[in-house]
Amino acid sequence: MFNLILFGPPGSGKGTQSVKIAEKFKLKHVSTGDILRSEIKNKTELGILAKSFIDKGELVPDNLLIDILHDLFDKNKDVNGFILDGFPRTIVQAEALDKLMIEINDHISKVISLDIPDEEVVSRLLKRAEIEGREDDNEATISNRLKVYKNQTSPLLEYYEKQEKLLEVQGVGSIDDIFNSICSGLV
Ligand code: AMP
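Computed from a prediction, not measured in an experiment: that's the story for all the values here.

Looking now at the overall build of the chain. The number of helices and strands found in the chain is nine helices and five strands. Reading the helices (α) and strands (β) of the chain from amino to carboxyl end gives β-α-β-α-α-α-β-α-β-α-α-α-β-α. For the chain, the spread of C-alpha atoms along the principal axes amounts to about 40 × 40 × 30 Å. Look at the contacts in the chain between residues 6 or more apart in sequence, and 75% of them connect residues 24 or more apart. Charged side chains in the chain number 24 positive and 32 negative. The centres of these two groups are separated by 2 Å.

This is how it looks when you write it as structure tokens:
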């Protein structure tokens, strides 16, 4: 299988690029943020718990996310591969993912990291708040999400660099230019 991770700060364009990558390489797009938002909408037990973290800009506990991924891999055995958007976000999640991949006799092919300056992140998220009305796109939560990204998620860059899987791409520019840079790095 061709399994990709798309990695980057909030507002770096992960969602947009994941959809394009999924289409081009016929992969299953997995957005953990979208999965959690749908649980919240359906007022499930998981959704109610997740909301208490998401509203503060904190990460949802690792074990919940790992269970979601485990279940998803179990239910999608016939796909060409996955594009993981928003997972893993901690070293614990990355280590669990490596184990899950071994269980299904597979591996992560590449990790794409979208580079984007903080100021650009804040202005994009505030703009997105106006358009999409996402509750966690407000100034206080944005600044916490950036802090969480730096402290808990950015150490993953080194984790995947050591595995020689990292592909760093400039995340500022037109959607198509960024997509083309990703694609040329993948071949
Ligand atoms: P996103 O749509 O990827 O920006 O995710 C929105 C929110 O969902 C994040 O700020 C987290 O609170 C939560 N979330 C999404 N993916 C994860 C994950 N892999 N680990 C923990 N929390 C997550």
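Attention now moves to the packing of helix 1 (residues 14-25) against helix 9 (residues 175-186). Between helix 1 and helix 9, whose axes approach to 10 Å, the crossing angle comes to 50°. One way to sum up the angle between helix 1 and helix 9 is to call them oblique. Judged by the sense of rotation from one axis to the other, the crossing of helix 1 with helix 9 is right-handed. Counting all contacts with helix 1, which are made through Thr16, Gln17, Lys20, Ile21, Lys24 and Phe25, the residues of helix 9 involved are Ile175, Asp176, Ile178, Phe179, Ile182, Cys183 and Leu186. Tallied by class, the residues present in the contact of helix 1 with helix 9 amount to eight nonpolar, two polar and three charged.

This paragraph deals with the site of the ligand. Neighbouring the ligand are 15 residues; Thr32, Glu58, Gly86, Arg89 and Gln93 lie closest to it. Between the ligand and the protein, one listed contact pairs a nitrogen atom with a backbone N or O atom of Gly86 at 2.9 Å. Coverage of the ligand by the protein chains reaches 96% of its 480 Å² of free accessible surface. Here the shell around the ligand is composed, by residue class, of six nonpolar, four polar and five charged.

Another point: the pairing of strand 4 (residues 110-115). Bridge analysis of strand 1 (residues 4-7) against strand 4 gives four bridges, and the strand direction is parallel. Each residue of the ladder has a partner; that of Phe7, found in strand 4, is Ser113. Sheet topology note: the strand 4/strand 5 (residues 166-170) ladder contains five bridges and is parallel. Paired with Ile112 across the bridge in strand 5 is Leu167.

How each quantity is defined
Residues numbered from 1 in each chain as written. Predicted model: local features only at pLDDT ≥ 70, side-chain atom pairs only at ≥ 80, totals over all residues. Heavy atoms only, no water. Helix = DSSP H or I, 4+ residues; strand = E, 2+ residues; numbered from the N terminus. Contact = heavy atoms within 4.5 Å. Lys, Arg positive; Asp, Glu negative; His and termini not counted. Charge placed at Lys NZ, Arg CZ, Asp CG, Glu CD. Axes fitted to C-alpha atoms, helices over the stretch in contact; angles between N-to-C directions. Parallel < 35°, antiparallel > 145°, perpendicular 65-115°, else oblique. Left-handed = near helix turned anticlockwise from the far one by under 90°. Nonpolar A, V, L, I, M, F, W, Y, C, P; charged D, E, K, R; others polar. Near = heavy atom within 4 Å. Polar contact = N/O pair within 3.5 Å; in protein donor to acceptor, adjacent residues only side chain to side chain. Areas by Shrake-Rupley, 256 points an atom, 1.4 Å probe, with all protein chains shown as cover. Pairing = 2+ DSSP bridges.

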